[in-house]
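The lines below spell out each chain.
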Amino acid sequence: MNEIKRQLQMKIGDTTQQQRNVIRKINAQHPTRSKKKYVFIPATVSLALLVATCLFVFSFKGVGEPSTSTMHAVPTPLEEEQVDTFESNEVLTLTEEQKRQYHQQYVEIIEKAMEKKIGISIGVSPMEEFKESDWVEPQVFEKRIQAGVDAFLATEREKLAAMSTNLKPAVTNPNGETMKARYLYFSDILINIGVTATFDTQYNSEKDRLLFSEVDAISTKLVNHRGTWDQTFQQATILDGGRTYRIYIEGIFNYNGLTFEKAFTIEFHCDEFGKIY
Amino acid sequence: MVQLEDASFQTIIHEHNDYLLQLSYLYVKDWNAAEDIVQEVFINYWIKSEQFQAQSSLRTYLTRMTINRCKDYLKSWRYRTQTLTNVFTGMIRPKNRLIMQDEQLIVADAVLSLPIKFREAIILYYFKELTIREIATIINTSESTIKYRLKTAKECLKENLSTQQWEVLTSE
């Protein structure tokens, strides 16, 4: 082997993990299904199918099957521990009617999990794609989903904590708009969202300081990342006697054909001189 | 029309994944970006597999797609501004760190610091061991251009490396 090749090979090292990541990313976008039957389906139907079946495949797809879920990208002790607890080798024998009922319950469980808008996209594969070994009691299914959600949240906390020191302080521009950023974590993706709002402050003689009086023009935008972010909901709440504005935001992040709903809060504070941070 | 079924798609992934990842990494020097690129290549191949002409080998076809995407990435704003997504992937993997403690990969570092056109020539010729003709075909340029780039790349490496290191290369 030539020296250049040898050294480059050593520099690269073992790519096993990266290969797994590639497969996981592929499965997250296009789970292993025959593609041709979807090619000519209208875009809206495709999108619905993608959301319903393709975005996120949980490990409920069978014991011993390699996990392809993006949620399992960063294994945590919590995740491993809980998955072990929920695994069952028992293969259920179900009638078609029972399968339909179970599938409906799976969908409801997923919908409930998605209502939390934590930034993951979970779908249930169509019933016909379930293997016999995939069927589990709905309670087991729910526990697995919860384990996945918990693992995701644990990873999110870890990632956000690691990045917290990189956040820039709030900036108020000459137009009176204040922008503050925070990170949002989606499956394997960390994005930076800038939240901009215009605040009014008033002097409060009783407290001898400036306090928030009003907020207006709340907007959010994606900073330094591919994809799109669409804000769908906002709600501002004044707290702490006017010292703090807590803004609750919901939005949809689109990236590489994947759609994630996310809800988060960000706080703006007003110091006694009216400086917002 | 080629009907690319799941099993064959998976076989293709397993067969070419490592090769394309290595190649992609040597272009973009970022594992996360390399994974994204290879993933896009496979997905695109999956979607457009009927467009694949069997005139070239599948590996050549995928290699060309990967290289094109790597170059797009290197031109992109994402690469130029070093977005947040690179923060985690920029960390040195433990295994590599151990290797680097044990051995200074001076030649590899020198190759990776070359401008992309020259780095590309070195990677494809020495690392992927393609012929000059194959390289010219893949990156759609003339053989003489590849020869020139290889020659210039080696001169750059010679300048950057100590005499001792360079002797290792020339003795092969």
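Criteria and cut-off values
- Along every chain, residues carry numbers that run from 1 in the direction the sequence is written.
- Labels are handed out in written order, letters beginning with A for the chains and numbers beginning with 1 for the ligands.
- Local features in this predicted model are restricted to residues of pLDDT 70 or higher, and side-chain atom pairs are both shown and tallied only at a pLDDT of 80 or more, whereas totals for entire chains, interfaces and linings draw on every residue.
- Comment: elements are numbered from the N terminus, with helices defined as DSSP H or I runs of at least four residues and strands as E runs of at least two.
- Any residue whose C-beta has 12 or fewer other C-beta atoms within 10 Å is treated as exposed, any with 20 or more as buried, and any in between as partly exposed, C-beta atoms being built from the backbone.
- By definition, residue pairs are in contact when their C-beta atoms, positioned from the backbone, come within 7 Å.
- Definition of nonpolar core: a set of buried Ala, Val, Leu, Ile, Met, Phe, Trp, Tyr and Cys residues joined via C-beta atoms within 7 Å.
- pLDDT runs from 0 to 100 and stands for how confident the predictor is about each residue.
- Here, axes are lines fitted to C-alpha atoms. For helices the fit covers the stretch in contact, and angles between N-to-C directions go from 0 to 180 degrees.
- Note that the term roughly parallel is reserved for angles under 35 degrees, roughly antiparallel for angles over 145, roughly perpendicular for angles of 65 to 115, and oblique for everything else.

A separate point is the overall build of chain A. Assigned secondary structure in chain A consists of 6 helices and 7 strands. Ordered by position from the N terminus, the helices and strands of chain A form the series α-α-α-α-α-α-β-β-β-β-β-β-β. Looking at chain A as a whole, 29% of its 277 residues qualify as buried. Taking the intrachain contacts of chain A between residues at least 6 apart in sequence as the baseline, contacts between residues at least 24 apart amount to 62%.

The secondary structure content of chain B amounts to 11 helices and 0 strands. Starting at the N terminus and walking to the C terminus, you meet the elements of chain B as α-α-α-α-α-α-α-α-α-α-α.

With that settled, consider the nonpolar core. Ala 34, Val 38, Val 41, Val 111, Ala 121 and Ile 122 of chain B are the most contacted members of the largest nonpolar core, which totals 44 residues. In this structure, Ile 122 of chain B is in contact with Ile 4 of chain A together with Val 111, Leu 114 and Ala 153 of chain B, ignoring residues within four places of it in sequence. Grouped together as the second largest cluster of nonpolar side chains are 22 residues, Tyr 185, Val 195, Phe 199 and Trp 229 of chain A included.

So, on to the environment of Arg 64 of chain B. Residue and element names in this part refer to chain B. Along the chain, Arg 64 falls in helix α3 (residues 58–75). By C-beta crowding, Arg 64 is classed as partly exposed, having 16 other C-beta atoms within 10 Å. Separated by 23 residues in sequence, Arg 64 and Val 41 have C-alpha atoms that sit 9.7 Å apart.

A separate point is the confidence of the model for chain B. Residues and elements named next belong to chain B. Looking at chain B, the pLDDT average stands at 76 and 70% of residues meet or exceed 70. In this model, residues 81–103 is a region of pLDDT below 50 whose contacts with residues beyond four sequence positions or in other chains number 24 contacts. Taken over the whole predicted complex, pTM reads 0.42, whereas the ipTM for its chain interfaces reads 0.76.

This next bit is on the packing of helix α1 (residues 3–12) of chain A against helix α8 (residues 116–127) of chain B. At their nearest, the axes of α1 of chain A and α8 of chain B sit 9 Å apart, and the two run at 105 degrees to each other. By the angle class used here, α1 of chain A and α8 of chain B are roughly perpendicular. Of the residues in α8 of chain B, those touching α1 of chain A at Ile 4, Lys 5 and Leu 8 of chain A are Ile 122, Tyr 126 and Phe 127 of chain B.

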